[in-house]
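For reference, the chains in residue letters:
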Amino acid sequence: MLTNEKVILVIGLVSSFLLAINLAVYNTIEFSWLICFIIISCFCLLFFRLNAQKNKKPKVSLIDENESDREILQTFTQVEKAIGQQTSIIEKEISRTKVIVKDAVEGISNSFKYLQQLNLEQQGMINIVINQAHATDEDDETILETFVDDSGKTLEKFVEVIINTSKQSLETMSYTDEMVSQFDGIFKLLEQVESLSSQTNLLALNAAIEAARAGDAGRGFAVVANEVRALSVNSTELNNDIRSKIAGAQITIKKLRDSVELMASADMTSTLQAKERVSVMMQHVQKMNQESHRVVEDLAGLSPKISEAVGLAVRSLQFEDLTYQSLDSLAFNFINLHQLADEISSFNIASHEELPEQLKQLQESCNTIIEKTKSVDDRRSVSQSSMDEGDIDLF
Amino acid sequence: MTLKKHVSDNKITIVIQDRFDFSIHQHFRDAYCDCNESGSEIIIDLSQTTYMDSSALGMILLLKDHVDKISGKMKIFKPNEAVNKILEIAQFHRLMTIEK
């Protein structure tokens, strides 16, 4: 209570006291009216003053409320700012993630497509190899195998030729030996011819002596005897010629024998080694062929598997869509948060009249957001589950 | 002389020592050319033979011709490994008996 009111109250009380004394002591009405008037006016004034004070009091608290409102407003603004900052960063990150995922998926997808193409090319090549192998199979094994086989056969023929040559040479040798023994026979015959001619010579000499002894009568006979002698000498010379010719032939036969020996005697060691090498080669080639056939067939079996794996990988890349859906949902949630933050920031606390209205509006928008989010979430989960179920249809 | 000849009944065994080559061709032929009895058996004992060249193969083939002519029999007896390989290359195991 202020001093003014106290003064008025004291004045009132004093006036009442005065009125009481006046009535008791003086018993005069004239003053009493005046004092009554003063008392009444004093109390009236006091009443009004007190009333005015009552009205004044809320005004003082109002100033305090304004201050706390500002504080709240500031806090709200700060909160809105913080939410805004967070959401904007998150939105930025979401869009960045989208770009990264898109690029990565595109890159991976392209590389897988390229891989698939390469695999197709490889498959084609393997098919060519297999077809070639089969084609050569039909033409009696591969070329290499045929070659080695032919080499073996050639070697066998070669051996056969060598042996036949030896055989023929040895036969030739036996004929030569026969010829040599026949030459020996000829020599014996020549010796006989020689002894015949020397006997003839001797006989001719005797005949000439006898003719000389006969004198003139034997002159004609002496001429014949001389002719016979000359013939025997000639025949001896002829014999010697034949002998030397045959001796020449014998030397030739010796040479023939040597060359036939060379022809007949072939060392088989190198042939043996060659034959062994060919058979080793043959085994090697067969093993190699089998191995390469097996490897090529394995490769052929591998290619479809690679295709399958690549296809699976390409199909798995559809996670991109799911990721986008998730990111879109996130973006949607952040838009809602944004909206909520805006709503809070536009909250006018100062106007007390609008407060209930504003609160109601805020509640309504909260409800709207909750409903909207719920329906969207339901739809998404339904679509996702349907996607999972539809795996086989989709992929 | 690296060639020995054993005769018992109508069986002739020709034993060749060390080298079986052209140098003994005459002895080899002489060893069997007198044998003209049909049903004779000629055995070439190669158990002591260390070397053989193509002329030996030729000689054996000539012997085979002779044996066929007199409708006799022949076989090769105990060739060592190296000699046997040569006989195999010449595919003699298809033409005659090779007793190991």
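Chains are numbered independently. Their residues run from 1 in the order of the written sequence. By the order in which they are written, chains take letters starting at A while ligands take numbers starting at 1. In keeping with the predicted nature of the model, local features appear solely for residues at pLDDT of at least 70, side-chain atom pairs appear and are counted solely at 80 or more, and the whole-chain, interface and lining totals rest on all residues. The basis for every side-chain value is the complete set of non-hydrogen atoms in the structure, without hydrogens or water.

**Some thoughts on the overall build of chain A**
Counting from the N terminus, the helices are DSSP H or I runs at least four residues long and the strands are E runs at least two residues long. Within chain A one finds 8 helices and 0 strands. In chain A, the succession of helices and strands from N to C terminus is α-α-α-α-α-α-α-α. Note on exposure labels: buried denotes an accessible area under 20% of the residue type's maximum, exposed denotes more than 50%, and partly exposed covers the range between, all computed with a 1.4 Å probe on protein chains only. With 395 residues in all, chain A has 22% of them scored as buried. Here the analysis covers contacts within chain A between residues at least 6 apart in sequence; of these, 83% occur between residues at least 24 apart. Note that accessible areas follow from Shrake-Rupley with a 1.4 Å probe, and for residues the cover is restricted to the protein chains shown. Split by element, the accessible area of chain A, about 27,600 Å² in all, is 63% carbon and sulfur. Contacts: residue pairs with any heavy atoms within 4.5 Å of one another.

**Considerations on the packing of aromatic side chains**
Ring geometry is summarised as follows: Phe, Tyr and Trp rings, the Trp one being its six-membered ring, pair when their centres sit within 6.5 Å, and such pairs are stacked at plane angles under 30 degrees, edge-to-face over 60 and tilted between the two. Counting across every chain of the model gives 3 aromatic pairs over all chains. Centre to centre, the rings of F47 of chain A and F48 of chain A are 5.9 Å apart; their planes meet at 70 degrees, and the pair counts as edge-to-face. Residue F47 of chain A is classed as exposed on the basis of its relative accessible area of 54%. Considering the side-chain rings of F20 of chain B and F28 of chain B, the 5.4 Å spacing of their centres and the 45 degrees angle between planes classify their relative orientation as tilted. Clustering of aromatic rings is evident, with ring pairs tying together F20, F28 and Y32 of chain B.

**Describing the packing of helix α3 (residues 143-214) of chain A against helix α4 (residues 219-264) of chain A**
All names here are of chain A. Put simply, α3 and α4 touch, their axes get as near as 8 Å, and they point 165 degrees apart. The angle between the axes of α3 and α4 places the two elements in the roughly antiparallel class. When the axes of α3 and α4 are compared, the crossing they make is left-handed. Class assignment for the residues of the contact of α3 with α4 results in 26 nonpolar, 14 polar and 7 charged. With axes taken as lines fitted to C-alpha atoms, and helix axes fitted only over the stretch in contact, angles between N-to-C directions fall between 0 and 180 degrees. What sets the label is the angle itself: under 35 degrees gives roughly parallel, over 145 gives roughly antiparallel, 65 to 115 gives roughly perpendicular, and the rest give oblique. Crossing handedness is defined as follows: a turn of the near helix away from the far one that is anticlockwise and smaller than a right angle gives a left-handed crossing, while the clockwise case is right-handed. All amino acids are sorted into three groups, where Ala, Val, Leu, Ile, Met, Phe, Trp, Tyr, Cys and Pro are nonpolar, Asp, Glu, Lys and Arg are charged, and the leftover types, Gly among them, are polar.

**A look at the interface of chain B and chain A**
Contacts between chain B and chain A engage 21 residues on the former and 24 residues on the latter. Put simply, buried area is how much 1.4 Å-probe accessible surface two parts lose in total, over both of them, once they are put together. The contact between chain B and chain A buries some 1,900 Å² in all, and 69% of this surface belongs to carbon and sulfur atoms. Throughout this description, the term salt bridge denotes a Lys or Arg side-chain nitrogen within 4 Å of a carboxyl oxygen of Asp or Glu. Along the contact surface separating chain B from chain A lie 3 salt bridges. Across the salt bridge formed by E276 of chain A and K85 of chain B, the nearest N and O atoms sit 2.9 Å from each other. Residues adjacent in sequence count toward polar contacts only when both atoms are side-chain atoms; beyond that, a polar contact is any pair of N or O atoms within 3.5 Å, and within protein one must be able to donate a hydrogen and the other to accept it. Across the contact surface, chain B and chain A share 9 residue pairs in polar contact (both at pLDDT 80 or more). Secondary structure elements with two or more residues in the side of chain B that touches chain A: α1 (25-33), β5 (49-52), α2 (54-69) and α3 (81-89) of chain B. Here the side of chain B that touches chain A gets 8 residues from one element, more than from any other, and that element is α2 of chain B. The residue makeup of the side of chain B that touches chain A, split by class, is 11 nonpolar, 6 polar and 4 charged.

**Some points on the confidence of the model for chain A**
Looking at chain A, pLDDT values average 81 and 88% of them are 70 or higher. The predictor rates its confidence in each residue with pLDDT, a number between 0 and 100. Long-range and interchain partners of residues 386-395 of chain A, a stretch whose pLDDT sits below 50, account for 4 contacts in this model, where long-range means more than four residues apart.

**Notes on a nonpolar patch on the surface**
All names here are of chain A. Like charges are joined within 9 Å and nonpolar side chains (Val, Leu, Ile, Met, Phe, Trp, Tyr) within 5 Å, but only among residues with over 30% relative accessible area and no salt bridge; these make up the patches. A cluster of nonpolar side chains, V7, I11, L34, F37 and I38, forms an exposed patch at the surface whose accessible area comes to about 450 Å². Among the elements that take part in the nonpolar patch, helix α2 (residues 29-138) stands out by supplying 3 residues, more than any other. With respect to the secondary-structure elements, I38 resides in helix α2.

**Quick look at helix α6 (residues 319-345) of chain A**
One less than the number of residues in a helix, times 1.5 Å, gives the span that helix is expected to have. Taking 1.5 Å of rise per residue, the 27 residues of α6 of chain A would be expected to cover 39 Å, and the 39 Å separating its terminal C-alpha atoms lies within 8% of that figure. Buried within α6 of chain A are the following residues: E320, Y324, L327, S329, F334, N336 and A341 of chain A.

**Details of the pattern of salt bridges**
The final tally for this structure, using the stated rule, is 18 salt bridges over all chains. Residue D177 of chain A is joined to R29 of chain B by a salt bridge in which the shortest nitrogen-to-oxygen separation is 3.3 Å. Placement of D177 of chain A in helix α3 and of R29 of chain B in helix α1 is noted, with the two residues assigned to different chains. R29 of chain B shares its class with D177 of chain A; the two are buried. In this structure, the salt-bridge partner of R219 of chain A is D216 of chain A, at a minimum N-O distance of 2.4 Å.

**Re the side chain of S232 of chain A**
Residues and elements named next belong to chain A. Tracing the backbone shows S232 in helix α4. Overall, S232 belongs to the buried group, its relative accessible area being 3%. Among residues more than four places away in sequence, those in contact with S232 are S197, T200 and N201.

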